[in-house]
Amino acid sequence: MAHTQPQLDTSPPVSDEIRQTTCYMCACRCGINVHMKTDEDGQKKVAYIEGNRDHPVNKGVLCAKGSAGIMQHNAPSRLRAPMKRVGPRGSGKFEEISWDEALDIAAGWLEPIREDNPEKLAFFTGRDQSQSFTSFWAQNFGTCNYAAHGGFCSVNMATAGIYTMGGAFWEFGQPDWDHTKLFMLFGVAEDHDSNPIKMGIGKIKARGARVIGVNPIRSGYNAVADDWVGITPGTDGLFILSLVHVLMKAGKIDLDYLGQFTNAPVLVNQDPDSPDYGLFLRDDHGAPLVINRTTGKLAPFDMRGVRPDLGGSFELNGITHVSVFQLMAQRYLSDDYAPEAVADRCGISAKRIRAIAAELARVAFDEAFELDQEWTDFRGETHKTMKGRPVAMHSMRGVSAHANGFQTCRALHVLQILLGTVEAPGGFRFKPPYPKPVEAHPAPHCRVTPNKPLDGPHLGFVHGPEHLALKTDGSPARIDKAFTWENPMSSHGLMHMVISNAHAGDPYKIDTLFMYMANMSWNSSMNTRGVMEMLTDTDDNGDYVIPRIIYSDAYSSEMVAYADLILPDTTYLERHDCISLLDRPICEADGAADAIRWPVVEPDRDVRGFQTVLVQLANKMKLPGFTHEDGTAKWQDYADYIVNHERKPGIGPLAGFRGENGDKVGRGEVNPEQLNKYIENGGFFVEHIPAEASYFKPWNMAYQDWAVNLGLFDSPQPYLFQLYVEPLRKFQLAAEGHGERQPPDHLRDRIRQTMDPLPIWYETDQQGNEGFTVNALTQRPMAMYHSWGTQNAWLRQIHGRNPLYVPTKLMRENGLSDGDWAKVTSPHGEITVPVMEMAALNENTVWTWNAIGKRKGAWALEENAPEATKGFLLNHLIHELLPPKGDGLRWANSDPITGQAAWFDLKVKIEKAAAPDDLSESQPAIPAQASPVGTGPKDLTWKVGK
């Protein structure tokens, strides 16, 4: 009898309609297809989310976070309406109000500030992706106190990259996945850039390329590395400079690249008695000078036909000037950087350091190749081919979040440049709108005038003491003390210092703290309990020390409970967003790209997108920039702003589909149908870079001309990579007593020591750490990006609790087994937490996942939820200030150059402890706060449609 196969529908339809937008479950900003289905009431609901195969970022790949966006959108913890506080701060007790009342309250608080002293408003945003807009709002309000979360995230990486080579890793560039043969990662947690990196590693491994992972913890990307280097935290810079030592001693550096494209041949004043000591020799037009090998004479670096002399030396008016390259040789050939001298501190044997240096040199030089592509450089010289060096590097917060992070990141960029791999085929490639020289960025501005806009952009790049944000009396102009002698190059501000400084009234008191998406009373604070106390502290009159707090979030986070007024945000599927070339676009190395989010579903709650609320607030207060001369509003909401705002004629937030007919790119008139064009195109726009412009972008005139046509620059901006960063030397000169603007005496030595124009390494072990010898770190899990991920019904099943991971050596020394409890102490605090053994871990380092632990009453979780009982934060052990030095000053626990929060300098001691109580809850157990949204159902289930 014949058997017949049953007729099965192996691919049933999952939706009635697909709407394409941009994911926001991490900062990758992948393209997604949101499958919609009609429910019994005739309403379109989200049924399924998958990757968009046509999208330039992820090409259809989607991770667990992205797929779980459906649960994020439906989370029980979503806020439902504007609220005003009716109980004490921190209690979580609120009363729902209308939007009219909420906007009246906000404007009633903000307008008197603007009329009297706009600096009394501190407006800081977290992980939003609309910083070009929020900064525009703050600038038109007139406050100098604005920044986003970069100061406690990765400002060291971004700033070091821009000062050194005009861009940096992650959002500014990517490896050349098609040609790389050796890929080296430093301190990359797996939540960042996850889909592109996973795709890239898969691509290069399929070709037989090798991966080296440098990280104290072997998880995520390091788990698939061919060679894992379990470095001692905070010593990456020393390890990198030892690699530089070995490569320079062996002559394995790209001398031609250094001579043509970097300031290695630029001449530097060597007279200690000169006010220009350590500065570049320049011509009358300000161009740095080199010695032309063909003539032996001085020449500007960009002169046609010049052949710069790397070993140049020149005497002018009795003063000797030598090349940057000579200064580098004097420093890095020193035995202080020999592998044998650094091995013990780095936790890496000298033999292994030498082997890694040899591997870098072998691949860069013995496996060099050429692409048959002609190109013309900024000196007008034509190159018949593009020479490839197939070594690529990538790094992120791990090396950045130390008090020596700026110089470590600089060292890493210098290492790449010495090998000739940056913007060469096979190496690291910039993404538009980078590369651009540091001079192309604005300097910071801080002049506050009642009822007037700020005098310019808040954030930027200083070129010397003249750009510091200081008042006429020398005191800090900003509440976070950004761009002061304490941290001169703090290009992203110091969000982690805002609450502490406002509470202390140092440098002054504020009136209103206005924050968005910044969970500062929990995992985004370096000093969790301390910040909660600051937010609730009262003065002798019983008034709150920080008088008013306005907060916007989509979810009932821990920070919500500390606000006086809540402006509820939408989920990312209910809003307009602009992922703009003016901000943090989705570009690839081969193309400029931007994207939008749009309301694929309308909110079923009384919530509004935060950016639209800012437009409405601006209209209510009639802020300049947002209103016409007759007082009427320019824009009604954020979508209106995205389409119709122009930063300058023809340049707006979106580069695609400009002009009346939507046929112009980059530059063009406003197109009223622009958002619809993006929606029709999958939510994104791409303009590809011509083949002749693909590599050597800082010096390639085909790229420079393409960038001008697109509107990235108004004129070509070629420049040299800065192995020696002259602005750093200008700060040293001020500390040595030169110039009109000089630092206070107590900071002179620190500025001289840390702000070296060539990369250095210095120990960051803090005062007061005696007896605390174990390094303690956090990292984010691949399945989560921020605290909002832990209330996601799907993601909770992957990470519902977090143990402290302890290396085998420390487990044995302390008699610990999996599931035991340990007391972990620092000079600042103490926690008692469950432990698990991990062998693939630096032997003197403990770590845990960040942001898993939750406060009871937050996120609509039940009070006995594992996140609130077994989950914990290392933040209880950290302080935003360094231990007192006995001088009465408040020293920030930050990088002394950029002010980046030094999260990863934490040192602890660990000892076995009894389980805390019958409930075995991690300690400290913070009392529950009331939930303004109640508690979610025990089981979150539903079915969309039939």
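Can you help me understand the side chain of His383 in this one?
Along the chain, His383 turns up in strand β19 (residues 382-383). At 2.9 Å, the side chain of His383 and the side chain of Asp377 are in polar contact.

How do you make sense of the nonpolar core when you look at a structure like this?
Within the largest apolar cluster, 281 residues are counted, with the highest numbers of intra-cluster contacts made by Trp137, Met184, Phe239, Leu513, Phe514 and Leu804. The residues contacting Trp137, other than those within four sequence positions of it, are Leu110, Leu121, Phe123, Phe514, Leu614, Ala618, Met621, Leu623 and Phe626. One finds Cys587, Ala693, Tyr703 and Val708 within the second-largest nonpolar core, a separate group that totals 13 residues.

Explanation requested: empty space enclosed by the protein in the structure shown.
Regions of empty space are outlined by a rolling probe, equal in size to a water molecule, passed over the atoms. For the structure on display, the rule yields 13 cavities of 30 Å³ or more. When its volume is computed, the largest cavity comes out at roughly 430 Å³. As for the largest cavity, its lining consists of 32 residues, of which Arg397, Gly398, Thr778, Gln779 and Phe904 are closest to the centre. Counting only elements with at least two residues in the lining of the largest cavity, the list comes to α12 (397-400) and β29 (774-779).

What should I look at first to understand the packing of aromatic side chains in this one?
Note on aromatic pairs: each is described by the distance of the centres and the angle between the planes. Applying the stated criterion to the full structure yields 45 aromatic pairs. Ring plane angle 85° and centroid distance 5.9 Å describe the contact between Trp485 and Phe731, whose orientation is recorded as edge-to-face. Note that Trp485 is positioned in the loop between β22 (428-430) and α14 (498-504) and Phe731 in helix α20 (residues 726-735), a separation of 246 residues in sequence. Trp485 gets classed as buried once you look at its relative accessible area, which sits at 6%. Owing to a relative accessible area of 0%, Phe731 belongs among the buried residues under this scheme. One aromatic cluster in this structure is built from Phe169, Tyr257, Phe261, Trp375, Phe428, Phe430, Phe696, Trp699, Tyr719 and Phe721. Sitting above the plane of the Tyr695 ring, Arg429 keeps its charged end 4.2 Å from the centroid. For the cation-ring pair, Arg597 lies above Tyr24, with the distance from its terminal atom to the ring centre recorded as 4.3 Å.

Got a minute to help me understand the packing of α20 against helix α21 (residues 745-754) in this structure?
Helix-helix packing is described using two parameters, namely the angle between the two axes and the distance between the axes. For the pair α20 and α21, the least separation of the axes is 8 Å and the interaxial angle reads 145°. In this structure, the crossing between α20 and α21 has a hand that is left-handed. Taking contact as the criterion, the partners of Phe731, Gln732, Ala734 and Ala735 in α20 are, on α21, Arg748, Ile751 and Arg752. Taken together, the residues of the contact of α20 with α21 break down into four nonpolar, one polar and two charged.

In this structure, what is going on with the layout of surface pockets? I would like to understand it.
Here the second largest pocket is characterised by a volume of approximately 520 Å³. Taken together, 28 residues line the second largest pocket, and the ones lying closest to its centre are Arg282, Pro288, Glu439, Tyr719 and Gln722. Of the residues forming the lining of the second largest pocket, the biggest block, four residues, is contributed by helix α5 (residues 155-165). Considered class by class, the residues forming the lining of the second largest pocket number 16 nonpolar, seven polar and five charged.

Would you explain the packing of helix α7 (residues 236-250) against helix α11 (residues 350-366) in this entry?
Between α7 and α11, the least distance of the axes is 9 Å, while the angle of their chain directions is 60°. Taken as a pair, α7 and α11 cross one another with a handedness that is right-handed. Residues Phe239, Ser242, Leu243, Val246 and Leu247 of α7 lie in contact with α11, whose contacting residues are Ile353, Arg354, Ile356, Ala357, Leu360 and Ala361. Per-class residue counts for the contact of α7 with α11 are nine nonpolar, one polar and one charged.

When you look at the sheet that holds strand β28 (residues 684-688) in this model, what are you seeing that I'm missing?
Remark on secondary structure: sheet strands pair via backbone hydrogen bonds, oriented parallel or antiparallel. The strand order across the open sheet built from three strands is β26-β27-β28, with neighbouring strands paired in antiparallel fashion. In this open sheet, the two edge strands, each paired with only one partner strand, are β26 (577-579) and β28. Taken over all neighbouring pairs, the strand axes of this sheet differ in orientation by 10° on average, direction set aside. Across five bridges, strand β27 (residues 591-597) lies against β28 in antiparallel orientation.

Just checking my understanding: could you explain helix α6 (residues 194-206) for this structure?
An α-helix turns once per 3.6 residues; consequently, residues spaced three or four apart project the same way. Taking 1.5 Å as the rise per residue, α6 with 13 residues should run 18 Å; its terminal C-alpha atoms sit 18 Å apart, in good agreement. Check the buried side of α6 and you find it contacts α1 (64-67), β9 (182-186), β10 (210-214) and β21 (391-395). Once α6 ends, the next one or two residues include Gly208, with phi positive near 90°.

Before we go on, may I ask you to explain the sheet that holds strand β23 (residues 512-516) in this structure?
Spatially, β5-β4-β25-β24-β23-β6-β7 is the arrangement adopted by the seven strands of the open sheet, whose pairing is mixed. The sheet is open, and its two borders are formed by β5 (94-96) and β7 (146-147), each paired with just one other strand. Sheet analysis places β23 next to strand β24 (residues 548-553), joined by five bridges and oriented parallel. Looking across to β24, one finds that Met515 is bridged to Tyr551.

Please clarify how the pattern of salt bridges should be interpreted in this entry.
Side-chain pairs of opposite charge can arise whenever the charged atoms involved come near each other. Applying the stated criterion to the full structure yields 54 salt bridges. The partner of Arg362 in a salt bridge is Glu367, and the shortest N-O contact between them spans 2.6 Å. Its relative accessible area of 33% is what places Arg362 among the partly exposed residues. Here Glu367 falls in the partly exposed class, since its relative accessible area comes to 23%. In this structure, Lys697 engages Glu423 in a salt bridge whose closest nitrogen and oxygen atoms are separated by 3.2 Å. With Lys697 in the loop between β28 and α19 (701-710) and Glu423 in the loop between α13 (405-418) and β22, the pair connects residues that are 274 residues apart, well separated along the chain. There is no split in this pair, since Lys697 and Glu423 are both buried. In this structure, a network of salt bridges that share partners links the residues Lys181, Arg210, Glu359, Arg362 and Glu367.

What's the story with the pairing of strand β3 (residues 44-51) in this structure? I'm lost.
A regular strand places its side chains so that they alternate between the two faces of the sheet. Examined bridge by bridge, strand β2 (residues 31-38) and β3 share seven bridges and lie antiparallel to one another. Residue Met36 lies in a different strand from β3, and its bridge partner there is Val46. In sequence, β2 turns back onto β3 through a hairpin of five residues, with Gly42 there showing a positive phi of about 80°.

Definitions and cut-offs
- Residues numbered from 1 in each chain as written.
- Predicted model: local features only at pLDDT ≥ 70, side-chain atom pairs only at ≥ 80, totals over all residues.
- Heavy atoms only, no water.
- Helix = DSSP H or I, 4+ residues; strand = E, 2+ residues; numbered from the N terminus.
- Polar contact = N/O pair within 3.5 Å; in protein donor to acceptor, adjacent residues only side chain to side chain.
- Core = buried A, V, L, I, M, F, W, Y, C linked by side-chain atoms within 4.5 Å.
- Buried < 20%, exposed > 50% of the residue type's maximum accessible area, 1.4 Å probe, protein only.
- Contact = heavy atoms within 4.5 Å.
- 1 Å grid on protein atoms, 1.4 Å probe; cavity = no way out; pocket = protein on both sides within 12 Å on 5 of 7 lines; lining within 4 Å.
- Points joined across faces, edges and corners; volume = space filled by probe spheres on them.
- Phe/Tyr/Trp six-rings, centres within 6.5 Å; stacked < 30°, edge-to-face > 60°.
- Lys NZ or Arg CZ within 6 Å of the ring centre and 35° of its normal.
- Axes fitted to C-alpha atoms, helices over the stretch in contact; angles between N-to-C directions.
- Left-handed = near helix turned anticlockwise from the far one by under 90°.
- Nonpolar A, V, L, I, M, F, W, Y, C, P; charged D, E, K, R; others polar.
- Pairing = 2+ DSSP bridges.
- Expected span 1.5 Å × (residues − 1).
- Salt bridge = Lys/Arg side-chain N within 4 Å of Asp/Glu carboxyl O.

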